[in-house]
Amino acid sequence: VQLVESGGGLVQAGGSLRLSCAASGTTFSINNMGWYRQAPGKQRELVAAITVGGDATNYLNFVKGRFTISRDNAKNTIHLQMNSLKPEDTAVYYCNAWGYSDYDGGVDYWGKGTLVTVSS
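Residues numbered from 1 in each chain as written. Predicted model: local features only at pLDDT ≥ 70, side-chain atom pairs only at ≥ 80, totals over all residues. Heavy atoms only, no water.

Chemist: For the environment of Leu19, give the residues involved together with the corresponding values.
Modeler: With respect to the helices and strands, the residue Leu19 is situated in strand β3 (residues 17-24). With relative accessibility at 0%, the residue Leu19 sits in the buried group. Once the C-alpha coordinates of Leu19 and Val116 are considered, the two residues, 97 residues apart in sequence, prove to be 9.4 Å apart. Beyond its immediate chain neighbours, meaning those up to four positions away, Leu19 contacts Ser6, Gly7, Gly8, Trp35, Ile78, His79, Leu80, Met82, Tyr93, Thr114 and Val116. (Helix = DSSP H or I, 4+ residues; strand = E, 2+ residues; numbered from the N terminus. Buried < 20%, exposed > 50% of the residue type's maximum accessible area, 1.4 Å probe, protein only. Contact = heavy atoms within 4.5 Å.)

Now the structure itself:
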């Protein structure tokens, strides 16, 4: 499985960006997809996640009300709409897909990351 992110870039504080992550390959074992981020000198943290089979979502408290995760199962794609961006949101954002099946066992895939820079 390959995960390819797109949509990062430079934006001013208060602006918006939309990240996308497209999964290709054998994806039937993936149950969840989400976005992590890692700022310089900080640990990687989960920003938002969504189940593939349903609509359950989970958000980092700091982004609640500003970020929205969504999915397009037909295209094996998830999106992260980021509004009211703050300089503290500056980080490399990574797409993650994970799950379990009796065929594959546990699976955990990562994209290469896309840089989001929010200027003050």
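There's more to say after this.
Chemist: Go over the packing of aromatic side chains, please, and point to the residues and values.
Modeler: Considering all chains together, one arrives at 2 aromatic pairs under this definition. For the pair Phe28 and Tyr103, a centre-to-centre distance of 5.9 Å together with 55 degrees between the ring planes defines the contact as tilted. You can see Phe28 sitting in the loop between β3 and β4 (32-38) and its partner Tyr103 sitting in the loop between β9 (91-101) and β10 (105-110), a full 75 residues away along the chain. The side chain of Arg44 reaches across the aromatic face of Tyr94, ending 3.8 Å from its centre. Its end group placed over the ring of Trp110, Arg44 keeps NZ or CZ at 4.8 Å from the ring centre. (Phe/Tyr/Trp six-rings, centres within 6.5 Å; stacked < 30°, edge-to-face > 60°. Lys NZ or Arg CZ within 6 Å of the ring centre and 35° of its normal.)

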